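Here's the letter readout for the chains.
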Amino acid sequence: MAALRRAFHVPHAILRSQSRIPSAFSLRTYFQCSPEQKKQYDDEGFLVARNFLSKEETDLIREALETDKTLTENEIVLNDDAKGQTKLALWSNPGDGTLGMLTRSRRVVGTMETLLGGSIVHYHSKTLLKHPKAGGVWNWHQDYGYWYKDFFLTPDMATFFLAIDAQSKALDNGPLMLLKGSNKLGRVDHWTKGDQQGADLERVELARQRYEEHTVDLNPGDAVFFSALTLHASPGNHSPNRRMAFASCFTREDNIQYKDPYIPCFECPVVEDDMILGSRNADGSPKLTDDADKQMLHPDEGVERARKDDQN
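The structure presented is a predicted model; accordingly, all values stated were derived computationally and were not measured.

### Let's talk about the sheet that holds strand β10 (residues 212–215)
Moving on, step 1. Pairing is antiparallel across the open sheet formed by four strands, whose spatial order is β5-β12-β7-β10. Each end of this open sheet is capped by a strand with a single partner; those strands are β5 (138–141) and β10. Neighbour to neighbour, the strand axes of the sheet diverge by 25 degrees on average, direction disregarded.
Moving on, step 2. Of the pairings in the sheet, the one linking β5 to strand β12 (residues 232–234) comprises two bridges and is antiparallel in character. Considered in β12, the bridge of His141 is made with His232.

Shown next as structure tokens:
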């Protein structure tokens, strides 16, 4: 089995206990997953968390994504089968920067541990960018359609998806769509479509007849947690508006790759929720990390690996 990575330095100051006295940053209530929300996730395959980040936090994350040169220098361009493009940058180590503080925050890690039923590790984080009028369809797929072929034995995995820009059907900028309850299907075979994988079309059409198709209209700072078995997609961006999102993907600690971990899993030590804002530099800017610290996936390998082999 592949080894779990522990490469990043965790400053003692940010490993705070739950019983500590709240700092000046923590005068607000942060998201916690309730038993009712856990049941909704189990039944429907996803959970929407409105106002998951404050405006101040969202603005800081947006600035980090827009100013971090390692993300543009390692941008992976995936062509769909309709001549559109979607772009992403992907990294393994959450690290100690502002983006890492979001990924490792108690509200993210705690929710993932509740939803997945145990201790979790970080698989990867990524930007998801659709430029104005650039198309960029994401085919109907399950994340486990990819990750099964990346040698994860079980689908005990999930994604935290954060809207950086508003996205909606009305805006026509490529919003996230999910089939409610499709996590009950089990793993569906996936095949290459463009530079992506797509779920078996016959089964997708049958699933769309059985399960409600839900377009998630999101404002900046809204989040979605969804199962690796939930069928989801997004149309192209045909609007004059950008659609940027951030995602962190997790797996149960007992479910890391059994071979070929080209995207290695990393431990994800939890930090308090106020550390998102607490990570700012003295001038108020986000703390950035370099590509070696992040362990970025190289764009060429990203395209090659996204295509996979056409095998069940």
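Now that the structure is up, let's keep going.
### Some details on helix α2 (residues 55–67)
For an α-helix, 3.6 residues make a turn, and residues three or four places apart therefore share a direction.
Moving on, step 1. For α2, built from 13 residues, the straight-helix expectation of 18 Å at 1.5 Å per residue is met to within 8% by its first-to-last C-alpha distance of 18 Å.
Moving on, step 2. Among all positions of α2, only Glu57, Thr58, Leu60, Ile61, Arg62, Ala64 and Leu65 are buried.

### Here we look at the pairing of strand β13 (residues 243–252)
Moving on, step 1. Where burial is concerned, most of β13 is hidden: 10 out of the 10 residues are buried.
Moving on, step 2. Here β13 shows no split at all, with Arg243, Ala245, Ala247, Cys249 and Thr251 on one side and Met244, Phe246, Ser248, Phe250 and Arg252 on the other all buried.
Moving on, step 3. Where strand β4 (residues 120–130) and β13 come together, 10 bridges link them in antiparallel fashion. Opposite Thr127, over in β13, you have Phe246 as the bridge partner.

### Looking at the confidence of the model for the protein
Moving on, step 1. Chain-level pLDDT for the protein is 89 on average; 87% of the residues reach the 70-or-more range.
Moving on, step 2. Long-range and interchain partners of residues 7–26, a stretch whose pLDDT sits below 50, account for 41 contacts in this model, where long-range means more than four residues apart.

### Some words on the packing of aromatic side chains
Moving on, step 1. Enumeration according to the criterion identifies 10 aromatic pairs in this entry.
Moving on, step 2. Ring geometry for Phe31 against Phe52: centres 5.5 Å apart, planes inclined by 55 degrees, an arrangement best described as tilted. Here Phe52 lies in the loop between β1 (46–49) and α2 and Phe31 lies in the segment before α1 (35–44), a separation of 21 residues in the sequence. Each of the two residues, Phe31 as well as Phe52, counts as buried.
Moving on, step 3. Each residue in the set Phe31, Phe52, Phe160 and Phe225 is aromatic and connected to the rest through ring pairs, giving one cluster.
Moving on, step 4. Above the face of the Phe52 ring, Arg107 is positioned so that its terminal group lies 5.8 Å from the ring centre.
Moving on, step 5. The positively charged end of Arg187 is found above the aromatic ring belonging to Tyr148, 3.6 Å away from the centroid.

### Thoughts on the pattern of salt bridges
Moving on, step 1. This structure, assessed with the given rule, holds 19 salt bridges.
Moving on, step 2. Across the pair Glu57 and Arg107 runs a salt bridge whose closest N-O atoms are separated by 2.8 Å. Placement of Glu57 in helix α2 and of Arg107 in helix α5 (residues 106–116) is noted, with a sequence separation of 50 residues between them. As far as burial versus exposure is concerned, Glu57 and Arg107 are alike and both buried.
Moving on, step 3. For the salt bridge of Glu272 with Arg106, the shortest nitrogen-to-oxygen distance reads 2.7 Å. With a gap of 166 residues between them, Glu272 in the loop between β13 and α8 (275–278) and Arg106 in helix α5 connect regions that are remote in the sequence.
Moving on, step 4. A relative accessible area of 10% places Glu272 in the buried class.
Moving on, step 5. The partly exposed category is assigned to Arg106, whose relative accessible area is 22%.

Rules used in this analysis
- Residues numbered from 1 in each chain as written.
- Predicted model: local features only at pLDDT ≥ 70, side-chain atom pairs only at ≥ 80, totals over all residues.
- Heavy atoms only, no water.
- Pairing = 2+ DSSP bridges.
- Helix = DSSP H or I, 4+ residues; strand = E, 2+ residues; numbered from the N terminus.
- Axes fitted to C-alpha atoms, helices over the stretch in contact; angles between N-to-C directions.
- Expected span 1.5 Å × (residues − 1).
- Buried < 20%, exposed > 50% of the residue type's maximum accessible area, 1.4 Å probe, protein only.
- pLDDT = per-residue confidence, 0-100.
- Contact = heavy atoms within 4.5 Å.
- Phe/Tyr/Trp six-rings, centres within 6.5 Å; stacked < 30°, edge-to-face > 60°.
- Lys NZ or Arg CZ within 6 Å of the ring centre and 35° of its normal.
- Salt bridge = Lys/Arg side-chain N within 4 Å of Asp/Glu carboxyl O.

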